[in-house]
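Examining the three-dimensional arrangement
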Amino acid sequence: MQRRAAIILAILTVLVVLLYQLRDVLLPFVAGAALAYALDPVADRLERLGIGRLTATLIILAVFLFGLILALILVVPLAANQVAALVASLPAMIAKLQAIIAERAGPLIERAGGHGALQELQSSVGNLMGQAVAWILGFLRSLWSGSQAVVGIVSLLVVTPVVAFYLLVDWDRMIATLDRWVPPRHRDTARMLARDIDGAITAFIRGQSLVCLILGTFYALGLWAVGLNFGVLIGLMAGFLTFIPYVGSLTGFLLSTGVALVQFWPDWVSVVLTVGIFLVGQFLEGNVLQPKLVGDAVRLHPVWLMFALLAFGSLFGFLGLLLAVPVAAALGVVARFGVKRYLESRLYHDGTPILAADATVVVAKPVPPAISKP
């Protein structure tokens, strides 16, 4: 048992190190595998209707790519114009925020820090925000002009459909091959774990996608109704980033609040309405959408969820943020199974009898001896 555990731990360590070293080229392959995983139920349904696997795969990918290209043609120009306008207005927005801070908090800062404290604070904040804006603009320019970024975008658009095609065609065959590689005595356990992991990931992806769509629509319509500049863009972006827990709501809240202060000041009603939209959205997400659409599929404590996001994001960047919750859900299924087996093993009980609280003990009634007839 110890030797097997050491071998498995060594294999996992090598796998993690290899994935970390290759993290820059993983995105199109992971995207292709995720696309094949999501579309496999559709291919299975078409197969049951009498369509061959290859033909079903071609139909599915053709429809998917047509819809994606159509969406990009309609959405990308509008989104690009909105993003460019938002970036161009950042310096003026920052300057007005500084003026608002000086107007409202100036006397308090002067009393607390002495004469000149306000000017020093404004200078420090201005330099910090200026450096942040310059870094963001440089980062955005590098995304479009850097050769590595161009290669990454091209590989994502070209390699992903190819990987998805081959994986989708051979999906059932690959699953059957992996099933045959499992030792026969462990196949039932492996199949049970695979079903639990598949159920957790499928429920999370399906439910979280609906949550993103509903929240994105709610935020966009709400901010548009308030009259917030770039409200539709901020709302849709917040809804999309909701797929990464805590990131979407926090990003949208900070952006919308900053824009609302610059645009509506001193109209507190509009600022409060903007903040209220995100408070209502968070209430709906936490008390209605998540319980109804996602439920207990992930079954992870919020602290572990935040740790998974930070750890995977630190190791694999944006790809890690996307994979953090599904991978953590799969690891959670395996961990719960391991704990259950440990609690049932002799290693836990150490040869002592199992208490009634731990297991149900069935005591057989003694059978009276048969009485022979004379």
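Residues numbered from 1 in each chain as written. Predicted model: local features only at pLDDT ≥ 70, side-chain atom pairs only at ≥ 80, totals over all residues. Heavy atoms only, no water.

1. Side note on the overall build of the protein
When helices and strands are tallied, the protein shows 13 helices and zero strands. Helices (α) and strands (β) of the protein occur, in sequence order from the N terminus, as α-α-α-α-α-α-α-α-α-α-α-α-α. Counting every position in the protein, which comprises 374 residues, the buried fraction comes to 28%. Summed over all atoms, the accessible surface of the protein reaches about 24,800 Å², with 72% contributed by carbon and sulfur. (Helix = DSSP H or I, 4+ residues; strand = E, 2+ residues; numbered from the N terminus. Buried < 20%, exposed > 50% of the residue type's maximum accessible area, 1.4 Å probe, protein only. Areas by Shrake-Rupley, 256 points an atom, 1.4 Å probe, with all protein chains shown as cover.)

2. Here we look at the packing of helix H11 (residues 302-316) against helix H12 (residues 318-344)
Across the interface, H11 lies against H12 with an axial gap of 7 Å and an inter-helix angle of 140°. Overall, the two elements H11 and H12 adopt an arrangement that is oblique. For H11 against H12, the interelement crossing comes out right-handed. In this structure, H11 uses Leu305, Ala308, Leu309, Phe312, Gly313 and Phe316 to contact H12, whose residues at the interface are Phe318, Leu319, Gly320, Leu321, Ala324, Val325, Val327 and Ala328. Classifying every residue of the contact of H11 with H12 gives 12 nonpolar, two polar and no charged. (Axes fitted to C-alpha atoms, helices over the stretch in contact; angles between N-to-C directions. Parallel < 35°, antiparallel > 145°, perpendicular 65-115°, else oblique. Left-handed = near helix turned anticlockwise from the far one by under 90°. Contact = heavy atoms within 4.5 Å. Nonpolar A, V, L, I, M, F, W, Y, C, P; charged D, E, K, R; others polar.)

3. Remarks on the environment of Asp172
The residue Asp172 is located in helix H6 (residues 171-181) in this model. When the C-alpha positions of Asp172 and Asp44 are compared, they lie 9.1 Å apart, and in sequence the two are 128 residues distant. Look past the residues within four positions of Asp172 in its chain and what remains in contact with it is Asp40, Asp44, Glu47 and Arg53.

4. A word on the UniProt feature "transmembrane region" (unreviewed entry) in the protein
According to UniProt, the feature "transmembrane region" (unreviewed entry) maps to residues 54-76, 83-101, 149-169, 210-227, 233-255, 267-284 and 304-337 in the numbering used here. In residues 54-76, the share of helix is 100% and the share of strand is 0%. The end C-alpha atoms are 32 Å apart. (UniProt positions renumbered as here; feature names shortened; annotations may be inferred.)

5. Side note on the packing of aromatic side chains
One pair of aromatic rings is described through two measures. These are the centre distance and the angle between the planes. By the definition in use, this model includes six aromatic pairs. Ring geometry for Tyr37 versus Trp171: centroids 6.1 Å apart, planes at 55°, classification tilted. Taken together, the positions of Tyr37 in helix H2 (residues 27-48) and Trp171 in helix H6 put the pair 134 residues apart, joining distant regions of the chain. With a centroid separation of 4.4 Å and 20° between ring planes, the pair formed by Tyr219 and Phe278 is classed as stacked. Of the two residues, Tyr219 sits in helix H7 (residues 187-226) while Phe278 sits in helix H10 (residues 268-294), which places them 59 residues apart along the sequence. The residues Tyr219 and Phe278 share a single accessibility class, namely buried. Among the aromatic side chains, those forming a connected cluster through ring pairs are Phe218, Tyr219, Phe253 and Phe278. (Phe/Tyr/Trp six-rings, centres within 6.5 Å; stacked < 30°, edge-to-face > 60°.)

6. Focus on the side chain of Thr242
Looking at the element boundaries, Thr242 is found in the loop between helix H8 (231-241) and helix H9 (247-264). On the basis of relative accessibility, which here comes to 4%, the residue Thr242 falls in the buried class. Apart from the residues lying within four places of it in its own chain, the contact partners of Thr242 are Gln208, Val211, Cys212, Leu215, Gly248 and Glu285.

7. Focus: H12
Look at H12: 40 Å from first C-alpha to last across 27 residues, which is about the 39 Å you get at 1.5 Å a residue. Along H12, the sharpest kink reaches roughly 45°, centred on Ala324 and followed within four residues by the proline Pro326. Looking at H12, one finds that the buried residues are Leu319, Gly320, Ala324, Val325, Pro326, Ala328, Ala329, Ala330, Gly332, Val333 and Phe337. Tucked into the core, H12 has its buried residues touching H2, H7 and H11. (Expected span 1.5 Å × (residues − 1). Bend = angle between axes of the 7 residues up to and from the residue.)

8. As for the nonpolar core
Counting residues in hydrophobic clusters, the biggest one holds 36 residues, and the most contacted among them are Tyr219, Leu223, Leu228, Ile234 and Val325. Among the elements of the structure, helix H3 (53-113), H7, H8, H9, H10, H11 and H12 are those that each provide at least two residues to this core. In terms of residues, this core owes the most to one element, H7, which gives seven residues. Two domains each put at least three residues into this core: domain 2 (189-295) and domain 3 (298-348). Beyond its immediate chain neighbours, meaning those up to four positions away, Ile234 contacts Leu223, Leu228, Asn229, Gly252, Leu255, Ser256 and Val259. Core analysis: the second largest hydrophobic core is formed by 11 residues, Leu39, Leu46, Ile60 and Leu168 among them. (Core = buried A, V, L, I, M, F, W, Y, C linked by side-chain atoms within 4.5 Å. Domains from an automatic or database assignment.)

9. Things to note about H2
Given 3.6 residues per helical turn, the α-helix brings residues three or four places apart onto the same face. Taking 1.5 Å of rise per residue, the 22 residues of H2 would be expected to cover 32 Å, and the 32 Å separating its terminal C-alpha atoms lies within 8% of that figure. A bend of about 40° at Leu39 is the largest found in H2, and the proline Pro41 appears one to four places after it. Here H2 has its buried residues at Pro28, Gly32, Leu35, Ala36, Leu39, Asp40, Ala43, Asp44 and Leu46. Phi turns positive, to about 100°, at Gly50, one or two residues after H2.

10. Observations concerning the pattern of salt bridges
The final tally for this structure, using the stated rule, is six salt bridges. Residue Asp172 pairs with Arg53 through a salt bridge whose shortest N-O separation is 3.3 Å. Here the residue Asp172 occupies a position in helix H6, and Arg53 occupies one in helix H3, the gap between them amounting to 119 residues. You can call Asp172 partly exposed: its relative accessible area is 34%. Where salt bridges share partners, they join Asp40, Asp44, Glu47, Arg53 and Asp172 into one cluster. (Salt bridge = Lys/Arg side-chain N within 4 Å of Asp/Glu carboxyl O.)

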